[in-house]
Amino acid sequence: DKVIRVVPESERETQILRAAFNRLKVDLWQPSSPFHIVEGTVTDVRVPQNASRSLLPYLQQANIQYTILVSDLQQAIQNQTGVRSRRNRRSLSGYNYEMYHSLEEIEDWMHFLNRTYSDLVHMFSVGKSYEGRPLYVLKLGKRSRPYKKAVWIDCGIHAREWIGPAFCQWFVKEALQTYQTDPDMRKMLTQLYFYIMPVFNVDGYHFSWTNDRFWRKTRSKNTRFHCHGVDANRNWKVKWCDEGASLHPCDDTYCGPFPESEPEVKAVAHFIRKHRKQIKAYLSFHAYAQMLLYPYSYKYATIPNFNCVESAAYNAVNALQSAYGVRYRYGPASSTLYVSSGSSMDWAYKNGIPYAFAFELRDTGHFGFLLPETLIKPTCTETMLAVKNITLHLLKKCH
């Protein structure tokens, strides 16, 4: 299998690509559906070995330029998850935050923190996944007063975006390790609660470790089409299954049979609705594109509190860049990325959470979903600066 990049330079090339990708059932890495391919769109495609024999000559014949990003995908996957020693997980300091962890390891880690840091960490479950796994959340913060504002953070809505869960774990580690020494962190944990869900799509994430590294959706069964899964970021009750979502169960952006059809989405939506007076920010972590997005996703329109959100985004992106010079684009999701309906970010915003953001972490496609473990630390370090920046912004009044 290979990963190639194509940038259509005309309407003709756009039509050819859309048609070819629909016909060959390739796996689009970005954008998420052929529908979003327009002139000038950077398009990354995973081409199965058997399809590349027909697709690549076809593109050459049609005189469409492409570059090969990954020439041997199996090898690249092997390099990332190959030989894995049984790791020492007994202590927080012994847990390696610079490698990707399986669902089982992440859950063990959460249980460990819950036992060890009972003054700052409370672990609970918001429900069960389609396959019956608990949906764990860590509540992080000093129990300083009964009522506190809160920030919701989730990672891993899309199973193959492994850097997401890695960041959620990094965030918790930083909070616990710097709480005593960093006045900003102390302020954050004293004045706020953080609800952190390291793996939203637990079934899909597990499947991406055991069966298909590039699985995106949940794992619910569709009896009619024998396809599995729904895009958990198209399944929310906000302009559900409108533009940018698919009605076909086999598509990567399938919106599901009805809003909140997925037990994972339903459970989180229920929890957030119940705490919506308290939750002031919703942050969701995705990959890849290096962007910081805010509402709306489903339409081109300006949100009412645009100035506050825009300045929070601007400052967050600058803070992020200060670490390693990595530049993030930022703006409304619809115009910065593409129009998509039924997203968690839009839903959170519509449910009264004033600061709703979706991060698209590193990179811009050189490694794509196979971001090497050596890049976990820099990616998480810079993202941490952005998240702290947004959180501190939240604690100041914005007019």
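- The protein is annotated in an unreviewed UniProt entry as Carboxypeptidase A6 of Edolisoma coerulescens.
- Entered under Function (unreviewed entry) in the UniProt record, the comment concerning the protein runs "May be involved in the proteolytic inactivation of enkephalins and neurotensin in some brain areas. May convert inactive angiotensin I into the biologically active angiotensin II. Releases a C-terminal amino acid, with preference for large hydrophobic C-terminal amino acids and shows only very weak activity toward small amino acids and histidine."
- Per UniProt, the protein has the following entry under Cofactor (unreviewed entry): "Zn(2+)".

With respect to the UniProt feature "domain: Peptidase M14" (unreviewed entry) in the protein
No. 1: In the numbering adopted here, UniProt assigns the feature "domain: Peptidase M14" (unreviewed entry) to residues 99-394.
No. 2: Secondary structure content for residues 99-394 is 37% helix and 19% strand, and the end C-alpha separation is 31 Å.

Re unusual backbone geometry
No. 1: Cis geometry marks the peptide bond from Ala287 to Tyr288; its omega dihedral reads 5°.
No. 2: Tyr296 follows Pro295 through a cis peptide bond whose omega is 5°.
No. 3: As for its position among the elements, Tyr296 is in the loop between strand 12 (291-294) and helix 9 (306-324).
No. 4: Here the phi dihedral of Glu260 falls at roughly 60°; this positive angle occurs in a residue that is not glycine.
No. 5: Structurally, the position occupied by Glu260 is in the loop between strand 10 (227-228) and helix 8 (263-274).

As for the sheet that holds strand 4 (residues 66-70)
No. 1: In spatial order, the strands read 2-3-1-4; together these four strands make up an open sheet with antiparallel pairing. Lying at the two open borders of the sheet, with one neighbouring strand each, are strand 2 (27-30) and strand 4. Across this sheet, the average inter-strand angle for adjacent strands is 30°, counted without regard to direction.

Quick word on the domain arrangement of the protein
No. 1: Assigned domains within the protein: domain 1 (2-71) and domain 2 (92-210 + 245-395).
No. 2: For domain 1 versus domain 2, the distance between C-alpha centres works out to 30 Å.
No. 3: With 13 residues of domain 1 in contact, the opposing surface of domain 2 contributes 14 residues.
No. 4: Summed over both sides, the interface of domain 1 with domain 2 buries roughly 1000 Å², with 47% coming from carbon and sulfur.
No. 5: Summed over the three residues of domain 1 that lose the most area to domain 2, namely Trp29, Ser32 and His36, the buried surface amounts to 48% of that side.
No. 6: Here Asp27 and Arg160 are joined by a salt bridge, their closest N and O atoms 3.0 Å apart.
No. 7: Remark: the boundary between domain 1 and domain 2 carries five residue pairs in polar contact (both at pLDDT 80 or more).
No. 8: Counting only elements with at least two residues in the side of domain 1 that touches domain 2, the list comes to strand 2 and strand 4.
No. 9: In terms of residues, the side of domain 1 that touches domain 2 owes the most to one element, strand 2, which gives four residues.

Focus on the packing of aromatic side chains
No. 1: Within this structure, the stated rule accounts for 27 aromatic pairs.
No. 2: Taken together, a centroid distance of 5.0 Å and an interplanar angle of 50° make the contact between Trp236 and Trp347 tilted. One end of the pair, Trp236, is in the loop between strand 10 and helix 8; the other, Trp347, is in helix 11 (residues 344-350), and 111 residues separate them in sequence.
No. 3: Overall, Trp236 belongs to the buried group, its relative accessible area being 0%.
No. 4: What links up through ring pairs into an aromatic cluster is the set Phe167, Phe171, Phe194, Phe285 and Phe359.
No. 5: When the ring centre of Tyr97 is taken as origin, the NZ or CZ atom of Lys173, which lies over that ring, is 5.8 Å away.
No. 6: Lys299 extends its terminal NZ or CZ atom over the ring of Tyr296, reaching a point 4.5 Å from the ring centre.

Conventions and cut-offs
Residues numbered from 1 in each chain as written. Predicted model: local features only at pLDDT ≥ 70, side-chain atom pairs only at ≥ 80, totals over all residues. Heavy atoms only, no water. UniProt positions renumbered as here; feature names shortened; annotations may be inferred. Helix = DSSP H or I, 4+ residues; strand = E, 2+ residues; numbered from the N terminus. Pairing = 2+ DSSP bridges. Axes fitted to C-alpha atoms, helices over the stretch in contact; angles between N-to-C directions. Domains from an automatic or database assignment. Contact = heavy atoms within 4.5 Å. Buried area = accessible area lost by both parts, 1.4 Å probe. Salt bridge = Lys/Arg side-chain N within 4 Å of Asp/Glu carboxyl O. Polar contact = N/O pair within 3.5 Å; in protein donor to acceptor, adjacent residues only side chain to side chain. Phe/Tyr/Trp six-rings, centres within 6.5 Å; stacked < 30°, edge-to-face > 60°. Buried < 20%, exposed > 50% of the residue type's maximum accessible area, 1.4 Å probe, protein only. Lys NZ or Arg CZ within 6 Å of the ring centre and 35° of its normal.

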